[in-house]
Amino acid sequence: MKGNPLRGANFFLRGLAMLPEKGIRHFVVVPLLINIFLFTGAIWLLFDQMGYWIDYLLGSILPDWDWLQFLRYLLWPLIAALVLITVYYSFSVVANIIAAPFNGILSEKVEQRLRGVTITDSGWKEILALIPRTVARELSKLFYYLPRLLFLMILTFIPVLGMVAPVLLFLFGCWMMAIQYCDYPMDNNRVSFRDMKDSLKQRRLTSVGFGGLISVGMMIPLLNLLIMPAAVVGATIFWVEEYTDGGEIDLTGLTGQRQLNDKRG
């Protein structure tokens, strides 16, 4: 697998550091407010139901044999991680569907900043015009995510395989976070959803490193409120530095290259 997970994680940290910059910070406000509202609900749900869910999943995975009960102590952290990742990613999906047009605008302005283009304010007409395309794109990500999540959830109920399911779910969550946020700059540049996934696979380790730090950050109180805008900014830095060359899209070997050639023609 190609890429560097530390480089991917650094894109997110640079995005976080860029949030207060003049010309960028006021585009962060709406995604930040949406994140605060929805993740407050996620925290309340976890405190209220997490113990019940963990006990239920442990009871489903482990046979009711006394000599196996010591495994409960070994599996508890993994199951807890599975619940945390599932709940927080589910709330993240909802948050991103709602915030998608605003995240698209934020990514566009950050790309303008990185390319040295003057940043202009976006009116409500521009934001409203983005809604159909960005919501359709979010639904594409949701249809990609749900069958794979269902498969991993089924694994948790299979003895032995259920022991590795939390690890697989975490790795899948890292991958989905990369897809979720890198999609904003790529969609702005008219890269199709399929080409976007293929391009991230070419730098899989970098992508997983980027998405992995986002996944960990989502579980840290207060920091998780900044995750969405920081990830959008970080993904845009990722896009500009990894996938562009002299201002042109570099997706060599993908159908995205054909689209670029068609555009030039």
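About the thresholds
Residues numbered from 1 in each chain as written. Predicted model: local features only at pLDDT ≥ 70, side-chain atom pairs only at ≥ 80, totals over all residues. Heavy atoms only, no water. Salt bridge = Lys/Arg side-chain N within 4 Å of Asp/Glu carboxyl O. Helix = DSSP H or I, 4+ residues; strand = E, 2+ residues; numbered from the N terminus. Buried < 20%, exposed > 50% of the residue type's maximum accessible area, 1.4 Å probe, protein only. Patch = residues over 30% accessible without salt bridge, like charges linked within 9 Å, V, L, I, M, F, W, Y side chains within 5 Å. Areas by Shrake-Rupley, 256 points an atom, 1.4 Å probe, with all protein chains shown as cover. Axes fitted to C-alpha atoms, helices over the stretch in contact; angles between N-to-C directions. Parallel < 35°, antiparallel > 145°, perpendicular 65-115°, else oblique. Left-handed = near helix turned anticlockwise from the far one by under 90°. Contact = heavy atoms within 4.5 Å. Polar contact = N/O pair within 3.5 Å; in protein donor to acceptor, adjacent residues only side chain to side chain. UniProt positions renumbered as here; feature names shortened; annotations may be inferred. Phe/Tyr/Trp six-rings, centres within 6.5 Å; stacked < 30°, edge-to-face > 60°. Core = buried A, V, L, I, M, F, W, Y, C linked by side-chain atoms within 4.5 Å.

1. Regarding the pattern of salt bridges
Side chains that differ in charge, positive against negative, can pair when their charged atoms come close.
Then comes step 1: Tallied over the full model, the rule gives ten salt bridges.
Then comes step 2: A salt bridge links Arg115 to Glu111, with the nearest nitrogen and oxygen atoms 3.0 Å apart.
Then comes step 3: When the shortest N-O distance is used, the salt bridge between Glu242 and Arg203 registers 2.8 Å. Linking Glu242 in helix α8 (residues 227-243) with Arg203 in the loop between α6 (193-202) and α7 (204-217), this pair joins segments that are 39 residues apart in sequence.
Then comes step 4: The class for Glu242 is buried, based on a relative accessible area of 14%.
Then comes step 5: In this structure Arg203 comes out as buried when scored by relative accessible area, which is 18%.
Then comes step 6: Taken together, the shared-partner salt bridges connect Arg7, Arg14, Arg203, Glu241 and Glu242 into one network.

2. Remarks on a nonpolar patch on the surface
Then comes step 1: Judged by side-chain polarity, Leu150, Ile154, Ile158, Leu161, Met163, Val164, Val167, Leu168 and Leu171 come together as a nonpolar surface patch covering roughly 720 Å² of accessible area.
Then comes step 2: With six residues, helix α5 (residues 161-188) is the largest single contributor of residues to the nonpolar patch.
Then comes step 3: Structurally, Ile158 can be placed in the loop between α4 (124-155) and α5.

3. Concerning the packing of α5 against α8
Then comes step 1: For the pair α5 and α8, the least separation of the axes is 8 Å and the interaxial angle reads 55°. Regarding the angle of α5 to α8, the classification is oblique. Pair α5 / α8 crosses with right-handed handedness. Residues Tyr181, Cys182, Tyr184, Pro185 and Met186 of α5 pack against Met228, Ala231, Val232, Ala235, Thr236, Phe238, Trp239 and Tyr243 of α8.

4. With respect to the side chain of Arg137
Then comes step 1: Counting through the fold element by element, Arg137 comes out in helix α4.
Then comes step 2: Within the structure, Arg137 has its side chain in polar contact with the backbone oxygen of Val191 (distance 2.6 Å).
Then comes step 3: Aside from chain neighbours lying at most four places away, what touches Arg137 is Asp183, Met186, Asp187, Val191, Ser192, Phe193 and Met196.

5. A word on the UniProt feature "transmembrane region" (unreviewed entry) in the protein
Then comes step 1: Feature annotation in UniProt assigns "transmembrane region" (unreviewed entry) to the following positions: residues 27-47, 73-99, 142-161 and 207-240.
Then comes step 2: Helix makes up 90% of residues 27-47 and strand 0%, with an end-to-end C-alpha separation of 32 Å.
Then comes step 3: Helix makes up 74% of residues 207-240 and strand 0%, and the two end C-alpha atoms of the span are 14 Å apart.

6. Concerning the packing of aromatic side chains
Then comes step 1: Scanning all chains against the criterion turns up seven aromatic pairs.
Then comes step 2: A centroid spacing of 6.1 Å and a plane angle of 80° characterise the contact between Tyr144 and Phe193, whose relative ring orientation is edge-to-face. A residue pair is termed long-range when its members are at least 10 positions apart, and Tyr144 in helix α4 and Phe193 in helix α6 qualify at 49 residues. A single burial state applies to Tyr144 and to Phe193, both of which are buried.

7. Looking at the side chain of Glu111
Then comes step 1: Within the secondary structure, Glu111 sits in helix α3 (residues 70-114).
Then comes step 2: Its relative accessible area of 9% is what places Glu111 among the buried residues.
Then comes step 3: A distance of 3.1 Å separates the side chain of Glu111 from the side chain of Asn189, its partner in a polar contact.
Then comes step 4: Not counting the four nearest positions on each side in its chain, Glu111 is found in contact with Asn189, Thr236, Trp239 and Val240.

8. Structural notes on unusual backbone geometry
Then comes step 1: In this structure, Arg190 takes a positive phi of about 65° despite not being glycine.
Then comes step 2: Within the secondary structure layout, Arg190 lies in the loop between α5 and α6.

9. Side note on the nonpolar core
Then comes step 1: In terms of nonpolar packing, the biggest core is built from 56 residues, with Leu106, Ile179, Tyr181, Leu200, Phe210 and Ile214 touching the most fellow members.
Then comes step 2: Of all the secondary structure elements, the ones that give two or more residues to this core are α1 (5-18), α2 (29-61), α3, α4, α5, α6, α7 and α8.

10. As for the environment of Ser207
Then comes step 1: Residue placement: Ser207 occurs in helix α7.
Then comes step 2: For the pair Ser207 and Gly3, spaced 204 residues apart in the sequence, the C-alpha separation amounts to 7.7 Å.
Then comes step 3: Apart from residues no more than four positions distant in its own chain, Ser207 is found in contact with Cys174, Trp175, Ala178, Leu200 and Phe238.
Then comes step 4: Engagement of the side chain of Ser207 in a polar contact is seen with the backbone oxygen of Leu200, the distance being 3.2 Å.

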